[in-house]
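Residues per chain are reported as follows:
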Amino acid sequence: MSGYYTVGGGRPLNGSLKVSGAKNAALKMIVASLIADGVTTLRNVPNITDVEITLKLCGELGATYRWTDDTTVEIDARTVNNHVIPVKYSGSTRTPILFVSPLLHRLGKAEVATIGGCSIGPRPINYHIEGLKQLGVHVDMTGKTAYCFQADRLKGNIISLEYPSVGATENLIMAAVAAEGRTVIQNAAIEPEILNLVGMLQAMGAIIYQDVNRVWIIEGTKKFRAVEYDVMYDRIEAASFAACALATKGDVFVEGAIQRDMATFLDVLRKIGGSFDIKPHGIRFSYEGELKPVNMETDVHPGFMTDWHPPFGALLTQANGISVIHETVYESRFGYVETLVSMGARIQLTTDCLGSRECRFTNKNYKHSALIAGVTPLRPGTLHIPDLRAGFAYIMSALIAEGESRIYGTEFVKRGYSDLIGKFRAIGADIDEVEENAD
Ligand code: EPZ
């Protein structure tokens, strides 16, 4: 069912909302539950499309699952008996490739159709493939469309990632926990969502510890019990609403937000003149006067998260001066710019690296840096969402603009934000969803 949002903008957002569980932790913890011998219970799981798809995938592999309340799901992995990830799931989310490790542990083999890119970049999986090979996995291509993975028993090894890939790090950790001997993953990702997954794996019986300089060390073990475990809060959602509060000159309390995982975001928010108060159960974000421009770069953790970038880009159209964003994680993260320009924003993209951080896109002709001039009044319009995080940026831009906007592509937003309408309404936004093709 497709549909659109209608948004009436031009007034401050005030109130409080409770942030949901993190999509980018929950998806991997659902996958990890297939390693356990029993029924895993995950709490604080967000009700979003990507979670539904990942649970359905578990079902296709033979597992059973059920929601025991709105945010708690039980997954029984004991009946997993199918090693082939149906091709219909490839391209919809990044999780299919992550199922390889649990399937190798349970069935000694896995088959996954090649997962394509999306609007923010080609999204290859070469780091996953190379790392699994280094753990003794045989990887062949079936036809042109599927990878076949085989391994009787994985053997620990020293793996040095070319880039701290979140997914590759998670996949290799899940592979290494049951491999023979010790595995060292160097130049690994260390995002808080990965620590959430590692905590669950350790509770299940895995032996994993983090060493200095982005290193994970895993001692392979054999038994993994099913656990009850909490998904962390979604810091991307928390930051998205924080940006929205400032952009509309409002005052919003985000219940569940934790300073520790958002430190870099809070620093940049302070640099542009935003205000935040750390409270016992969340963070209050409020507009305190004219916003200042900033030079900023996205990076792997603990840097400014690439998923925080699109809403922040929309916010910077309201800062008084010229801001610079250098995107170093994805080739095409600026897919949101054209639409914001159509609403009146003044944004110039360039293929240059407008920042000091090491960047894989130097001289590669990707428009991955932007100059954003503000303050620019935004005009309402009819918008079409290209990807998940741009979707939030569009709703935010419509809330800044005086008048009514119509935003198509609600399915993108529902992939990663649970009950977004309810949350926006809780802070006073004038937003509705209209479902088209209603029978
Ligand atoms: C995860 O994607 C998140 N998705 C992304 O969030 C997030 O933006 C990203 O990590 C970075 O933090 C989930 O967790 C489901 P990567 P992932 O592997 O694991 C390149 C959102 O909106 N790369 O760290 O796919 C890749 O092309 C989504 O919630 C390779 O070249 O990200 C990219 O340029 C968007 N080869 C960079 O590394 C590989 O084998 C980072 O990708 C793997 C990745």
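Residues numbered from 1 in each chain as written. Predicted model: local features only at pLDDT ≥ 70, side-chain atom pairs only at ≥ 80, totals over all residues. Heavy atoms only, no water.

Structural notes on the sheet that holds strand 20 (residues 346–350)
What links the strands of a sheet is backbone hydrogen bonding, and the strands pair in either a parallel or an antiparallel sense. Cut-off, in case you're wondering: Should DSSP find at least two bridges between two strands, the strands are taken to pair. A run of H or I in DSSP becomes a helix once it reaches four residues, and a run of E becomes a strand once it reaches two; helices and strands are each numbered from the N terminus. With axes taken as lines fitted to C-alpha atoms, and helix axes fitted only over the stretch in contact, angles between N-to-C directions fall between 0 and 180 degrees.
The four strands lie next to each other as 18-19-21-20, forming an open sheet whose pairing is mixed. Pairing within the sheet leaves two strands with one partner each, and these edge strands are strand 18 (295–297) and strand 20. The average angle at which neighbouring strand axes cross in this sheet is 15 degrees, direction not considered. Where strand 18 meets strand 19 (residues 321–326), three bridges bridge the pair, whose relative direction is parallel.

Examining the sheet that holds strand 17 (residues 282–286)
The following threshold applies: What makes two residues a contact is simply this: any of their non-hydrogen atoms within 4.5 Å.
Spatial ordering of the open sheet is given by 2-15-17-16, a layout of four strands whose pairing is mixed. Edge positions in the open sheet fall to strand 2 (14–18) and strand 16 (275–279), since each of these has one partner strand only. Averaged over neighbouring strand pairs, the angle between their axes works out to 15 degrees when direction is ignored. In the sheet, strand 2 pairs with strand 15 (residues 251–255) via five bridges, with the strands oriented parallel. Each bridged residue has a counterpart across the sheet, and for Leu17 the counterpart in strand 15 is Val254. Sitting on the sheet, helix 7 (residues 235–247) touches strand 2, strand 15 and strand 17, and the angle it makes with strand 17 is about 25 degrees. Its contacts with the sheet put helix 8 (residues 259–271) on strand 16 and strand 17, and the angle it makes with strand 17 is roughly 10 degrees.

Focus: the side chain of Ser286
Here is the rule we go by: Note on exposure labels: buried denotes an accessible area under 20% of the residue type's maximum, exposed denotes more than 50%, and partly exposed covers the range between, all computed with a 1.4 Å probe on protein chains only. Pairing of N or O atoms within 3.5 Å defines a polar contact, subject to two protein rules: one partner must be a possible hydrogen donor and the other a possible acceptor, and residues neighboring in sequence count only if both atoms are side-chain atoms.
Take Ser286: it is sitting in strand 17. A residue is classified by how much of its surface remains accessible, and Ser286, at 3% relative accessible area, is buried. Of note is the side chain of Ser286, whose polar atom sits 3.5 Å from the side chain of Glu288. Non-local contacts of Ser286, meaning those with residues more than four positions away in its chain, are made with Leu246, Gly250, Asp251, Gly274 and Ser275.

Quick word on helix 8
We apply this condition: Note that the bend at a residue is defined as the angle between axes fitted to the seven residues ending at it and the seven residues starting at it.
If you look at helix 8, its biggest bend is around 45 degrees, right at Phe265. Within the sequence span of helix 8, burial applies to Asp261, Met262, Phe265, Leu266, Val268 and Leu269. Those residues of helix 8 that are buried lie in contact with helix 6 (192–204), helix 7, strand 16, strand 17, strand 18 and helix 9 (309–316). A positive phi of about 95 degrees marks Gly273, the residue just after helix 8.

Comments concerning the site of the ligand
Our working rule: Near is defined per residue: the residue qualifies when any heavy atom it owns lies within 4 Å of the molecule or strand. Only the protein chains shown count as covering a residue, and every accessible area follows the Shrake-Rupley method with a 1.4 Å probe.
Near the ligand there are 23 residues, and of these Lys28, Asn126, Ser165, Val166 and Val329 occur at the shortest range. Within the side chain of Arg389, an N or O atom sits 2.8 Å from an oxygen atom of the ligand. In isolation the ligand has 820 Å² of accessible area, and contact with the protein removes 93% of it. Every element with two or more residues in the shell around the ligand is listed here: helix 1 (23–32), helix 4 (126–134), helix 5 (166–176) and helix 11 (388–400).

With respect to the domain arrangement of the protein
The cut-off we apply is this: Residue ranges assigned to each domain were obtained from an automatic or database domain assignment. Throughout, the accessible surface (probe 1.4 Å) given up by two parts as they are put together, summed over both, is called the buried area.
Taken domain by domain, the protein consists of domain 1 (2–20 + 233–436) and domain 2 (23–228). One C-alpha centre belongs to domain 1, the other to domain 2; they are set 30 Å apart. On the domain 2 side, the residues contacting the 27 residues of domain 1 number 22 residues. Between domain 1 and domain 2, the buried area comes to about 2,000 Å², and carbon and sulfur atoms account for 49% of it. Sorting the residues of domain 1 by area buried against domain 2 places Val300, His301 and Arg415 first, and these three jointly supply 31% of that buried surface.

So, the packing of aromatic side chains
Applicable threshold: Only centres within 6.5 Å qualify two rings of Phe, Tyr or Trp (six-membered ring in Trp) as a pair; their planes then separate them into stacked at under 30 degrees, edge-to-face at over 60, and tilted for everything else. Throughout this description, the term charge over a ring refers to an Arg CZ or Lys NZ atom that lies within 6 Å of the ring centre and within 35 degrees of the ring normal.
The final tally for this structure, using the stated rule, is 13 aromatic pairs. Ring centres 5.3 Å apart and planes at 75 degrees place the aromatic pair Phe304 and Phe312 in the edge-to-face group. As far as the burial class goes, Phe304 and Phe312 line up, both buried. Counting every residue linked through ring pairs, the aromatic cluster contains Phe241, Phe392, Tyr417 and Phe424. One residue, Arg360, lies across the ring of Tyr163, its end atom 3.8 Å from the ring centre.

Looking at the packing of helix 9 against helix 11
Definition in use: Any angle that falls under 35 degrees is termed roughly parallel, while one over 145 is termed roughly antiparallel, one within 65 to 115 roughly perpendicular, and all others oblique. Handedness of a crossing is defined here by the sense of rotation of the near helix relative to the far one, left-handed for an anticlockwise turn of less than a right angle and right-handed for a clockwise turn.
Remark: helix 9 packs on helix 11, axes separated minimally by 7 Å, with the N-to-C direction vectors making an angle of 25 degrees. In this view, helix 9 runs roughly parallel relative to helix 11, as classed from their interaxial angle. Once helix 9 is placed against helix 11, the crossing between them reads as right-handed. Contacts between helix 9 and helix 11 involve Pro310, Pro311, Ala314 and Leu315 from the first element and Arg389, Ala390, Phe392, Ala393, Met396, Ser397 and Ile400 from the second.

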